[in-house]
Amino acid sequence: MRALIAALLAATLAGCSSTGLDLAAIAPTAANASPAAMAVDAPVMVTHPRFGDRKPTDWKGKTPWSYAVHGTDVSRYQSDIDWPTAKAAGISFAFIKATEGGDRVDPMFAQNWAATRAHGVPRSAYHFYYFCRPAIEQAQWFIRNVPKEAGTLPHVLDMEWNHLSPSCKLRPNWQVVHREMKVFLDAIERHYGQRPIIYTSVDFYEDNRLASFKGYHWWLRSVAAHPHDRYEGENFLFWQYTGTGIVPGKKGDADINVFNGSVRQWRDWVARNTSTS
């Protein structure tokens, strides 16, 4: 009898999310996903990888390497990337910078987009928001430059203050930020048929009351503490834990991220959320 109870308890726990995040809350369930989506491969060559870091953090509590699935985000600053080497080292997904504002395309986007597809690295594109351009124009620019194609993960809206911008110092109030974010996100969702992910930083999240911006998965930057310590317990789908990482196949500093779940949850999420057209 004790053995039976133990077995039932183990089965129950195995069916629960270890993240506390309902990964199916926004996207269709696996049961509703198309056969093409369910067939998408999401290889994890190395689980719980522990990459080097030029400026390592003395993590307290839950560490980045306690998460099974790691990935990276890239732009022109990384130059050429040896994707097979990075994948073999434990890079299981990539976010690729595509556009900024309403007139800039990352010069490495086309190369990274084609290479990740060729080498079987699940990926999506991200847009860096520019506060001196209407959101709808930025969405149209992204749509113009990012292909609508099968095998793509949900795209990303990157929302952070850009204090280095030589042309735009504008910092609108939080109501305007919320309104413009929604315009961009709605346009992208209509075109690609996938609900986008939002990337943000601690200061931007706090300044713009993003705890009240509901209905989207979060990709959170937190390089000195776990996101739950910096974002007041906000649930997250991805966590960017360093901008000074060392990834084989990449030159210089690397942004490294984790997926908030197990390998099985990763594969299930990819199956539910990969575009089929």
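Everything quoted here is computed from the prediction, not taken from an experiment.

Asker: Account for the pattern of salt bridges, with residues named and values stated.
Answerer: Under the counting rule described, the total for this entry stands at 10 salt bridges. With a shortest N-O distance of 2.7 Å, arginine 54 and aspartate 253 are connected by a salt bridge. Of this pair, arginine 54 sits in the loop between strand E1 (52-53) and strand E2 (70-74) while aspartate 253 sits in the loop between strand E9 (238-246) and strand E10 (254-259); the two residues are 199 residues apart in sequence, bridging distant segments of the chain. Under the relative-accessibility criterion, arginine 54 is labelled partly exposed at 48%. Take aspartate 253: its relative accessible area is 30%, and that puts it in the partly exposed class.

Asker: Tell me about the state of the cysteines, residues and numbers included.
Answerer: Going through the model one piece at a time under the given rule, you end up with 1 disulfide. The disulfide that involves cysteine 132 links it to cysteine 168, with 2.0 Å between the sulfurs. The sign of the 85° torsion about the S-S bond sets the cysteine 132-cysteine 168 disulfide as right-handed. With cysteine 132 in the loop between strand E5 (123-128) and helix H5 (135-145) and cysteine 168 in the loop between strand E6 (156-159) and helix H6 (174-192), the pair connects residues that are 36 residues apart, well separated along the chain. Cysteine 132 gets classed as partly exposed once you look at its relative accessible area, which sits at 38%.

Asker: Let's hear about a negative patch on the surface: which residues, and what values?
Answerer: On the surface, a cluster of negative charge is made up of Asp203, Glu206, Asp207 and Glu232. Within the element layout of this structure, glutamate 206 appears in helix H7 (residues 202-207).

Rules used in this analysis
- Residues numbered from 1 in each chain as written.
- Predicted model: local features only at pLDDT ≥ 70, side-chain atom pairs only at ≥ 80, totals over all residues.
- Heavy atoms only, no water.
- Salt bridge = Lys/Arg side-chain N within 4 Å of Asp/Glu carboxyl O.
- Helix = DSSP H or I, 4+ residues; strand = E, 2+ residues; numbered from the N terminus.
- Buried < 20%, exposed > 50% of the residue type's maximum accessible area, 1.4 Å probe, protein only.
- Disulfide = S-S within 2.5 Å.
- Patch = residues over 30% accessible without salt bridge, like charges linked within 9 Å, V, L, I, M, F, W, Y side chains within 5 Å.
- Areas by Shrake-Rupley, 256 points an atom, 1.4 Å probe, with all protein chains shown as cover.
- Lys, Arg positive; Asp, Glu negative; His and termini not counted.
- Charge placed at Lys NZ, Arg CZ, Asp CG, Glu CD.

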